[in-house]
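Coordinate analysis (summary)
Now for the letters of each chain:
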Amino acid sequence: MSQTIVQAACPHDCPDTCAMRITVEEGKVVRVAGDPDHPPTQGALCTKVSRYAERLYHPDRLLYPMKRVGRKGEGRFERISWDEALTTISQRLLAIAADNPQRILPYSYAGTMGLVQGNSMSARFFHKLGASQLDRTICASAGAAGLKHTYGASVGMDMSFVQEARLIWLWGTNSITSNLHYWTRVQEAKRRGARVVAIDPYRTLTADKCDEHVALLPGTDAALALGIMHVLIREDLLDHDYIRQYTEGFEALRERALDYPPARVAALCGIPQAQVERLAREYGELAVRQQQPVAIRLNYGMQRTRGGGQATRAVACLPSLVGAWRQRAGGMLMSTSGFFPIDNAALQRPDLMPDPQPRTINMSTIGDALTHPGGGDFGPRVDAVVVYNSNPVAVAPESGKVVAGFAREDLFTVVLEHFQTDTADYADILLPATMQMEHVDLHKSYGHSWLLANLPAVTPPGEARSNSDIFRQLAQYCGWQDACFQDADDALAAQALQPHAWTEGIQWSSLRAQGWQKLNLPDAPFAQGGFPTRSGKCQFYAEALAAEGLDPLPGFEPPHESPQRTPELAARYPLQMISPPSRHFLNTTFANQPGLWPKRGEPSVEMHPDDAAARALQHEQWVEVVNDRGCLQLRLEVSERVRPGVVVIPSIWWRKHAKDGKNANELTSQALTDLGAAPTFYDCLVEVRAAAVE
Ligand SMILES: Nc1nc2c(c(=O)[nH]1)N[C@H]1C(S)=C(S)[C@@H](COP(=O)(O)OP(=O)(O)OC[C@H]3O[C@@H](n4cnc5c(=O)[nH]c(N)nc54)[C@H](O)[C@@H]3O)O[C@H]1N2
Ligand SMILES: Nc1nc2c(c(=O)[nH]1)N[C@H]1C(S)=C(S)[C@@H](COP(=O)(O)OP(=O)(O)OC[C@H]3O[C@@H](n4cnc5c(=O)[nH]c(N)nc54)[C@H](O)[C@@H]3O)O[C@H]1N2
Ligand SMILES: [Mo]
């Protein structure tokens, strides 16, 4: 039997961006494996991706274009031809655009992280149309803003050297779930004698395997970081030479940190004072006195509350205070995406936009945007949405509003998808999209510094077409002659790569031939400063924030919904709800593969035994999780993994798979973070009570 092996890249929104080898037999994918030669992947894939053939050949895959025949949200469709689909969409969009193109909104995120299928031809299409722009804030923009104001960009230490670190803090991150290949290196570091600490309100699988677990209250990370700074300063555990040469604003930061003595921090974070002091001493003594590498893996869990941007800044200051950057296994890693010299302008062609540029709508407040009647500062009402690479009905906060928006009979909705998701149920026209093994793409990463090529292994099923093809064809149906709408996927991939010292020797042709190549970066990029800020220094004090009237120093702000800020609300809804990713889902992707569901096969809420006892609730009974935005019925898991005062809803389930047709976002709010206008999914007060009906 003839077998071929095709080089691929995992498309999912995960820092690991694995290189894969796809085995094809008689036109079918029979095996999906990690590339053994790609250093970050080391031949291993996570459970969900190693079973990719199940997703590829899932019986529910969308195969043909369809139009709605039932009511909005009912999910009843009828097959139509591509010609009818493209004619309907282009005519409808052009008609709306003739009045005001800003009435059209594209909505997309990282269903695929590929630069070609992500946002290239689609961006050109919406720019030319003059549609509203989308602010892509739903995941990482608070932290990205925090890093920008501290290091100048989303840059950090190289994951290749983590195994050499002597102390690793996993801060707001469940690596086993969401960053498996980093965890492999942490384990190696442990074998070599490193201490590993998890800083997380929830005792995750990762926290279980750490030497210490700091179970702070959600949204108090900035206070903890400032408390650690306080101790570092008080006990003179500082790298004065690094601070003098490569940072700015130390005196001001020092003043700020002095306001956060460990006793105050312990009370704010709900942890012992001795723990704050011990964390600081361990970190400072290893880095400063013993000149040993200390590493922080900061992730997104701690950014999803009101103060997420400043919290990122506070943590990001720590390695500069102790000179951890001097070593290649020291420093901090939140994201490496800012290292990649990608030519977004060439890919997306913002020059096609009309002047003045169309307004921008924040994707995290899509509920408000779609239910806005139009007028005032908002501008014209949104009358058409084109969704691709995203599932907003399930993932955006405050589902009640999101659903009300998508349910508008006068909203024209197009959805490009693999499956009939919660969002697809609201489509007027539903289009079948290709999967990664069926199209070409180019990938960067936000967890490592390799570029990767993805080559198609098999032909698409039914009449599925790639995102880039669909938008190329829509441009033709709109009658646009611009040459940029003729570019093939290979041309797009080539245009994305910008000549730069870091990409010397890397072209699309070499990537296509080799599969992946590493950026030419120094091992310890900030050993001697060289941060991508204006001064080249790490900014403890950020002038740009001061200029915007914001706090120029990292500070602690209690969550939007907290006893400090909203005591009346906290009295009615005393529990803080967080809804971090489930291990075998990727956001809502894979959540339609029952083989990957947790053992009970239904969504649940976890609560500490003391909180359950106080409410006379029993393990495994049905409960209602409520706040003023909504009510959710879930199975209760009483568990010491959750700290008191917090409840955890592992996410993100499809709404339609739950008994009551809802998920955690029924309860989350559209309030935004201090920096980056990001959502505050984990800034959400609730109460839990016995369900009225079983
Ligand atoms: N398997 C899997 N992998 C994924 C994803 C997925 O859905 N499933 N999602 C991908 C995406 S889109 C992203 S953005 C990344 C996310 O990557 P991470 O941010 O690393 O996400 P998690 O692994 O959930 O880790 C977040 C942790 O933060 C904790 N947490 C919640 N609130 C706070 C807080 O206020 N402070 C602190 N210190 N911790 C807090 C949660 O309990 C959780 O354990 O993962 C990516 N990888
Ligand atoms: N409560 C709560 N809500 C959250 C979070 C949380 O932790 N808690 N996490 C938030 C975070 S970090 C993120 S990043 C967002 C993620 O939100 P989304 O970016 O919406 O991610 P997914 O839910 O995985 O939906 C991606 C969709 O894209 C589709 N897709 C994949 N590839 C392609 C393609 O090539 N073409 C087309 N047309 N479609 C494709 C998939 O089938 C899938 O349905 O959710 C956020 N929402
Ligand atoms: Mo994300």
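Owing to the predicted nature of the structure, the values given are computational and were not obtained by experimental measurement. (Residues numbered from 1 in each chain as written. Chains lettered and ligands numbered in written order. Predicted model: local features only at pLDDT ≥ 70, side-chain atom pairs only at ≥ 80, totals over all residues. Heavy atoms only, no water.)

A word on the overall build of the protein. When helices and strands are tallied, the protein shows 25 helices and 27 strands. For the protein, the C-alpha radius of gyration of 25 Å lies close to 26 Å, the compact-globule estimate for 694 residues. In terms of overall dimensions, the protein has a C-alpha envelope of 70 × 65 × 60 Å along the principal axes. Taken across its 694 residues, the protein has 63% of its residues classed as buried. In the protein, 76% of the contacts between residues at least 6 apart in sequence involve partners at least 24 apart. Summed over all atoms, the accessible surface of the protein reaches about 24200 Å², with 49% contributed by carbon and sulfur. Averaging the positions of the 68 positive and the 77 negative side-chain charges in the protein gives two centres separated by 2 Å. (Helix = DSSP H or I, 4+ residues; strand = E, 2+ residues; numbered from the N terminus. Rg over C-alpha atoms; globule rule 2.2 N^0.38 Å. Buried < 20%, exposed > 50% of the residue type's maximum accessible area, 1.4 Å probe, protein only. Contact = heavy atoms within 4.5 Å. Areas by Shrake-Rupley, 256 points an atom, 1.4 Å probe, with all protein chains shown as cover. Lys, Arg positive; Asp, Glu negative; His and termini not counted. Charge placed at Lys NZ, Arg CZ, Asp CG, Glu CD.)

It is at 8 Å that the axes of helix H13 (residues 262–269) and helix H14 (residues 273–289) come closest, and there the two elements cross at 115 degrees. The way H13 lies across H14 gives a crossing that is right-handed. On H14, the residues touching Pro262, Ala263, Val265 and Ala266 of H13 are Gln273, Val276 and Glu277. Tallied by class, residues from the contact of H13 with H14 come to 5 nonpolar, 1 polar and 1 charged. (Axes fitted to C-alpha atoms, helices over the stretch in contact; angles between N-to-C directions. Left-handed = near helix turned anticlockwise from the far one by under 90°. Nonpolar A, V, L, I, M, F, W, Y, C, P; charged D, E, K, R; others polar.)

Among the nonpolar cores identified, the biggest contains 173 residues, and Phe125, Trp169, Trp171, Leu224 and Leu318 are the most heavily contacted of them. Broken down by element, the residue count for this core peaks at 10 residues, all from helix H10 (residues 221–234). Apart from residues no more than four positions distant in its own chain, Leu224 is found in contact with Trp171, Ile199, Val214, Leu216, Val265, Cys269, Ile271, Val276 and Leu279. Counting residues in each nonpolar core, the second largest holds 28 residues, with Val6, Cys14, Tyr52 and Phe590 among its members. (Core = buried A, V, L, I, M, F, W, Y, C linked by side-chain atoms within 4.5 Å.)

A word on the side chain of Thr247. Residue position: Thr247 is located in strand S11 (residues 247–248). Thr247 sits in the buried class, given a relative accessible area of 6%. Among the polar contacts listed, one links the side chain of Thr247 to the backbone oxygen of Ile243, at a separation of 2.6 Å. Discounting residues that sit within four places of it in the chain, Thr247 has contacts with Tyr242, Ser320, Lys537, Cys538 and Phe540. (Polar contact = N/O pair within 3.5 Å; in protein donor to acceptor, adjacent residues only side chain to side chain.)

A separate point is the UniProt feature "domain: 4Fe-4S Mo/W bis-MGD-type" (unreviewed entry) in the protein. According to UniProt, the positions carrying the feature "domain: 4Fe-4S Mo/W bis-MGD-type" (unreviewed entry) are residues 3–60. Here residues 3–60 runs as 16% helix and 36% strand, with 27 Å between its end C-alpha atoms. (UniProt positions renumbered as here; feature names shortened; annotations may be inferred.)

With that settled, consider the state of the cysteines. Covalently bonding the sulfur atom of one cysteine to the sulfur atom of another cysteine gives a disulfide. All chains considered together, the criterion is met by 0 disulfides. Left unpaired, Cys46 is separated from the closest cysteine sulfur, that of Cys10, by 6.4 Å. Here Cys317 stays unpaired: no disulfide links it, and the sulfur of Cys538, its closest cysteine neighbor, is 5.5 Å away. Among the residues examined, Cys317 registers a relative accessible area of 0% and is labelled buried. (Disulfide = S-S within 2.5 Å.)

Our focus in this paragraph is the packing of aromatic side chains. Pairs of aromatic rings are described using the distance from one ring centre to the other and the angle between the two planes. Applying the stated rule across the entire model yields 22 aromatic pairs. Measuring from centroid to centroid gives 5.1 Å for Phe125 and Trp480, while their planes differ by 40 degrees, and the two rings are tilted. One end of the pair, Phe125, is in helix H5 (residues 121–129); the other, Trp480, is in the loop between helix H20 (467–477) and helix H21 (489–496), with 355 residues separating them in the sequence. Overall, Phe125 belongs to the buried group, its relative accessible area being 0%. On the basis of relative accessibility, which here comes to 11%, the residue Trp480 falls in the buried class. Note on Trp597 and Trp653: the rings are 5.4 Å apart at their centroids and 50 degrees apart in plane angle, and the pair reads as tilted. (Phe/Tyr/Trp six-rings, centres within 6.5 Å; stacked < 30°, edge-to-face > 60°.)

Attention shifts here to the domain arrangement of the protein. Parsing the protein into structural domains produces domain 1 (66–139 + 352–518), domain 2 (142–334) and domain 3 (567–690). In this structure, domain 1 and domain 3 have C-alpha centres spaced 30 Å apart. Listed per partner, the contact involves 24 residues of domain 1 and 20 residues of domain 3. Around 1700 Å² of area is buried between domain 1 and domain 3 when both sides are counted, 51% of it from carbon and sulfur atoms. Summed over the shared surface of domain 1 and domain 3, the result is 1 salt bridge. Measuring nitrogen to oxygen at the nearest pair gives 3.0 Å for the salt bridge that ties Lys656 to Asp425. Taken together, the connections running from domain 1 to domain 3 amount to 15 residue pairs in polar contact (both at pLDDT 80 or more). (Domains from an automatic or database assignment. Buried area = accessible area lost by both parts, 1.4 Å probe. Salt bridge = Lys/Arg side-chain N within 4 Å of Asp/Glu carboxyl O.)

Within the fold, His448 resides in the loop between strand S18 (441–443) and strand S19 (450–454). Within the local environment of His448, its side chain forms a polar contact with the backbone oxygen of Thr17, the two atoms lying 3.0 Å apart. For His448, the contacting residues outside a window of four places in its chain are Pro15, Asp16, Thr17, His38, Pro40, Met159, Thr336 and Phe340.

So, about the site of ligand 2. The local shell around ligand 2 holds 30 residues, among which Ser390, Glu417, Thr588, Thr589 and Tyr682 are the closest. Within the contact set of ligand 2, a nitrogen atom lies 2.9 Å away from a side-chain nitrogen or oxygen of Ser579. Thr589 places a side-chain nitrogen or oxygen 2.5 Å from an oxygen atom of ligand 2. Look at ligand 2: alone it shows 920 Å² of surface, and the protein chains cover 96% of it. Among the residues making up the shell around ligand 2, the classes are represented as 11 nonpolar, 15 polar and 4 charged. (Near = heavy atom within 4 Å.)

What follows concerns the sheet that holds strand S1 (residues 3–9). Think of a sheet as strands paired side by side through backbone hydrogen bonds, with each pair either parallel or antiparallel. The antiparallel open sheet is built from 3 strands, whose spatial order is S1-S2-S3. At either margin of the open sheet sits one strand with a lone partner, and together these are S1 and strand S3 (28–34). With strand direction ignored, the average angle separating the axes of adjacent strands in the sheet is 25 degrees. Both S1 and strand S2 (residues 19–25) contribute to a ladder of 7 bridges, which runs antiparallel. Across the sheet, residue Gln7 finds its bridge partner in S2, namely Arg21. (Pairing = 2+ DSSP bridges.)

What follows covers the pairing of S3. Across 6 bridges, the pairing between S2 and S3 is antiparallel. Residue Ile22 lies in a different strand from S3, and its bridge partner there is Val32. Hairpin connection from S2 to S3: 2 residues lie between these consecutive antiparallel strands, with Glu26 at a positive phi of about 45 degrees.

For the coordinates displayed, the defined rule picks out 4 cavities of 30 Å³ or more. Empty space within the largest cavity amounts to approximately 140 Å³. Elements that contribute at least two residues to the lining of the largest cavity include exactly helix H1 (47–50), helix H7 (175–178) and helix H8 (180–191). Partitioned by chemical class, the residues of the lining of the largest cavity number 8 nonpolar, 6 polar and 2 charged. Gly156, Met157, Asp158, Met159, Thr336, Phe339, His448, Ser449, Leu521, Pro522 and Pro525 are the residues that line the second largest cavity. When grouped by side-chain class, the residues that make up the lining of the second largest cavity number 6 nonpolar, 4 polar and 1 charged. (1 Å grid on protein atoms, 1.4 Å probe; cavity = no way out; pocket = protein on both sides within 12 Å on 5 of 7 lines; lining within 4 Å. Points joined across faces, edges and corners; volume = space filled by probe spheres on them.)

Moving on, we come to unusual backbone geometry. In this structure, Pro356 follows Asp355 across a cis peptide bond, with omega equal to 0 degrees. The residue Pro356 is located in the loop between helix H16 (344–348) and strand S14 (360–362) in this model. The residue after Ser651, namely Ile652, is reached through a cis peptide bond having omega 0 degrees. Position of Ile652 relative to the elements: it lies in the loop between strand S26 (646–648) and strand S27 (685–690). One non-glycine residue, Glu26, lies in the positive phi region at around 45 degrees. Tracing the chain through its elements places Glu26 in the loop between S2 and S3.

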